[in-house]
Amino acid sequence: MENRAIFSGKLLPCLLILPQLAISLIFFYWPAAQALWQSFLVQDAFGLSTEFVWFENYVNLLQTPEYYHAIGVTLVFSALVAFFSLGLGLLLAAMANRNIRGIQIYRTFLIVPYAVAPAVASVLFIFMLQPGLGMIARALQRAGIDWNPVLNGTHAMILVVIVAVWNQISYNFLFFLAGLQAIPKSVIEAAAIDGARPMRRFWTIIFPLLSPTTFFLIIVNITYVFFNTLGIIDTATGGGPSGATQTLVYKVFQDGKVGTDLGGSAAQSVILMVIVVALTAFQFRYVEKKVHY
Amino acid sequence: MVEHRRFGNWLPHLILLTGVVIVAFPVYLAVIASTHDNAVIANGQMPLYPGTHGLETYWNTIVAGAGKTTRQPVGGMMLNSLIMALGIAAGKIAISIISAYAIVFFAFPFRMTAFWTIFITLMLPVEVRIFPTYKITSDLHMLDSYAGLILPLIASATATLLFRQFFMTIPKELVEASKIDGAGPIRFFFDTLLPLSVTNIAALFVILFIYGWNQYLWPLLITTRDDMQTIVIGIKKIIDVHDALTEWQVAMATAVLAMLPPVVVVVLMQRLFVKGLIETEK
């Protein structure tokens, strides 16, 4: 930041910055520090005594199979959502980027899912996919597929993936469209003159030029799946059946709600914080550098 | 765009239309379901055109509640959601614009420390520090209050960064000119900076309104009283009632009402929304 300071005075700027600093300290730093501190403590069953145990909570956590299961679920969930929502977003954006009529109307419809809360999106899809009630669930059953997300873990995962992809399409579509529109027309025309057909132009010129947007969106989508899908999971599956849709964040939420193992829950939170910080740092590195290949 | 296409543009139209249908169908179905009788929905024979029970259902959902269950009327929940969304949007913009102003236009001790202290909050969403934040909010006696719903969610740096970015593009000469005209820092803020920031404020407002309205985890944890619920968490309780008893027409009407304000905001203020989205994230 170059030195732009123009007005003199010390008291006024301190007063101006005070509200945000105060809120950050009370609701951000203080709880984050508490989580960190608590993750090194063990409390007895009655909450009467606490003991400082260094990394024991972390060691215990890394020895529970459920934790690895939650990691696996999170990875599968993130990968599926990122792949499908990015793929569909890019496809729609590439189509919308051609000079065709009615683009405003298409865009208006395509941005609607962004405005729908994850939990509400979940309700919309439960209504279609609830066995015995939902229109699509009944069609699947007529087709001989024993669709039942309440009992079948794979089906439950498919359900939450569909909701999350639907919820994220708008975002990816808008960013890909902005990215596509930023590519100079002359580059594409030059390739066309050299005889490259549309598909070839897309994969050899447009797609590589889009890589900064794609990188950025991959990170954003992973962050979305990690943290914003809690409403989807809580409404649609409750993490079940038998943990099939229990992501890391949802596990923190469920374990914390039960509240018997504060230290373990805090250790889980701290691990998540480290993951987000790493993802954000990674994102800044790449977005700042504007990678091109 | 570049060459003549033999088949015209039917392929892009087809793909975009399919996309629109996939995106719009769940929403359409919810609207339709909210106008049918529960019996028609429950036996799985709901038609794809509107029914005749719409007014009755919306009246029962928003105002009356239901006789058979302990369900709350949704009207109050919508009011809570509205207060929360507006509070988050206005609160975050207010504290961010003044702190960005201080960081960009003043030299004061620990300016960079203050900036980094705020900047780091960008990294951790409320979901990862949820229980400690809950405990602090509870210690401050803010459970079941609007302050408790709003304040912890405005502790984030996105808006501050956006305003800082924007303020740094304002030419120094403009500030010099106002100083020559005798304007102090407060005058300059209200007479020059604020009018210049109107578009940014509006774009941010759209994004933050949606963010606030759609919150799930935080209101779920800190509201225990039914009259403090927001609509997004209220809807879960409606379908949570043992499955066979779920009043699906009410659930769908609630879903429609929960979607309506943010969807209207996004559609009507599309340009501001896109601007806000792209600028807050990049």
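None of the values given here were measured: they were computed from a predicted structure.

*Asks:* Sorry, what's going on with the overall build of chain B here?
*Replies:* Across its full length, chain B carries 15 helices and 0 strands. Relative to the compact-globule value of 19 Å for 282 residues, chain B shows a C-alpha radius of gyration of 24 Å, a clear excess of over 25%. By principal-axis analysis of the C-alpha atoms, chain B measures approximately 75 × 70 × 35 Å. Among the 282 residues that make up chain B, the fraction classed as buried is 46%. Residue pairs at least 24 apart in sequence account for 72% of intrachain contacts in chain B once pairs closer than 6 positions are excluded.

*Asks:* What should I look at first to understand the overall build of chain A in this one?
*Replies:* Across its full length, chain A holds 14 helices and 2 strands. Buried positions account for 41% of the 293 residues belonging to chain A. Partitioning the contacts of chain A with sequence separation of at least 6, the portion at a separation of at least 24 is 70%.

*Asks:* Where do I start with helix 6 (residues 130-139) of chain B in this structure?
*Replies:* For an α-helix, the turn length of 3.6 residues means that residues three or four places apart are oriented alike. All buried positions along helix 6 of chain B are accounted for by Ile130, Phe131, Pro132, Thr133, Tyr134 and Thr137 of chain B. Positive backbone phi, approximately 55°, marks His141 of chain B, located one or two places after helix 6 of chain B.

*Asks:* Can you help me understand the interface of chain A and chain B in this one?
*Replies:* One frequently used descriptor of interface size is the decrease in accessible area upon assembly of the parts. Taken together, the contact between chain A and chain B spans 76 residues of the former and 79 residues of the latter. Of the residues that constitute the side of chain A that touches chain B, the class distribution is 58 nonpolar, 13 polar and 5 charged.

*Asks:* Honestly, the environment of Leu159 of chain A in this entry has me stumped. Any pointers?
*Replies:* Residues and elements named next belong to chain A. Summarising the element assignment, Leu159 is placed in helix 8 (residues 153-181). Residues Leu159 and Gly243 lie 84 residues apart in sequence; the distance between their C-alpha atoms is 14 Å. If we ignore the near neighbours within four places in the chain, the residues touching Leu159 are Phe125, Leu129, Pro149, Ala236 and Thr237.

*Asks:* Help me understand the packing of helix 6 (residues 118-129) of chain A against helix 14 (residues 248-268) of chain B in this model?
*Replies:* Packed helices, taken two at a time, are described by the angle between their axes plus the distance between the axes. Contact geometry for helix 6 of chain A and helix 14 of chain B: axes closest at 10 Å, N-to-C directions at 145°. Helix 14 of chain B is crossed by helix 6 of chain A, and the crossing has left-handed handedness. Facing Val120, Val123, Leu124 and Phe127 of chain A of helix 6 of chain A, the residues of helix 14 of chain B in contact are Trp248, Ala251, Met252, Ala255, Ala258 and Met259 of chain B.

*Asks:* Honestly, the confidence of the model for chain B in this entry has me stumped. Any pointers?
*Replies:* Low pLDDT marks stretches whose predicted atomic positions should not be read closely. Residue and element names in this part refer to chain B. Averaged over all residues, the pLDDT of chain B equals 83, while 91% of them reach at least 70. Summarising per-element confidence for chain B, the mean pLDDT is lowest in helix 2 (residues 38-42) (75) and highest in helix 4 (residues 74-105) (91). This prediction of the complex comes with two scores: 0.88 for pTM and 0.86 for ipTM.

*Asks:* Explain unusual backbone geometry to me, please; I cannot follow it from the model alone.
*Replies:* Residues other than glycine predominantly adopt negative phi, and peptide bonds predominantly adopt the trans conformation. Even without being glycine, Ser242 of chain A reaches a positive phi, approximately 40°. We classify Ser242 of chain A as exposed; it has 11 C-beta atoms within 10 Å. Although it is not a glycine, His141 of chain B sits at a positive phi angle of roughly 55°. Here His141 of chain B is to be found in the loop between helix 6 and helix 7 (146-150).

Rules used in this analysis
Along each chain, numbering runs from 1 in the same order as the chain's sequence is written. The naming scheme follows written order: chains are lettered A onward, ligands numbered 1 onward. Totals for whole chains, interfaces and linings use every residue, but because this is a predicted model, local features are given only for residues with pLDDT of at least 70 and side-chain atom pairs only at 80 or more, for both listing and counting. Labels follow the DSSP assignment, with helices taken as runs of H or I lasting at least four residues and strands as runs of E lasting at least two, numbered in each case from the N terminus. Radius of gyration: C-alpha atoms only; globule rule: 2.2 Å multiplied by the number of residues to the exponent 0.38. Once C-beta atoms are placed from the backbone, each residue is buried if 20 or more other C-beta atoms lie within 10 Å of its own, exposed if 12 or fewer, and partly exposed for counts between those two. Residue pairs qualify as contacts under a 7 Å threshold applied to their C-beta atoms, which are placed from the backbone. Amino acid classes used here: Ala, Val, Leu, Ile, Met, Phe, Trp, Tyr, Cys and Pro are nonpolar; Asp, Glu, Lys and Arg are charged; the rest, including Gly, are polar. Angular values range over 0 to 180 degrees, each being the angle between N-to-C directions of two axes fitted as lines to C-alpha atoms, with helices fitted over their stretch in contact. Crossings are sorted by hand: turned counterclockwise from the far helix by less than a right angle, the near helix makes the crossing left-handed, and turned clockwise it makes it right-handed. Per-residue confidence from the predictor is reported as pLDDT, a score between 0 and 100.

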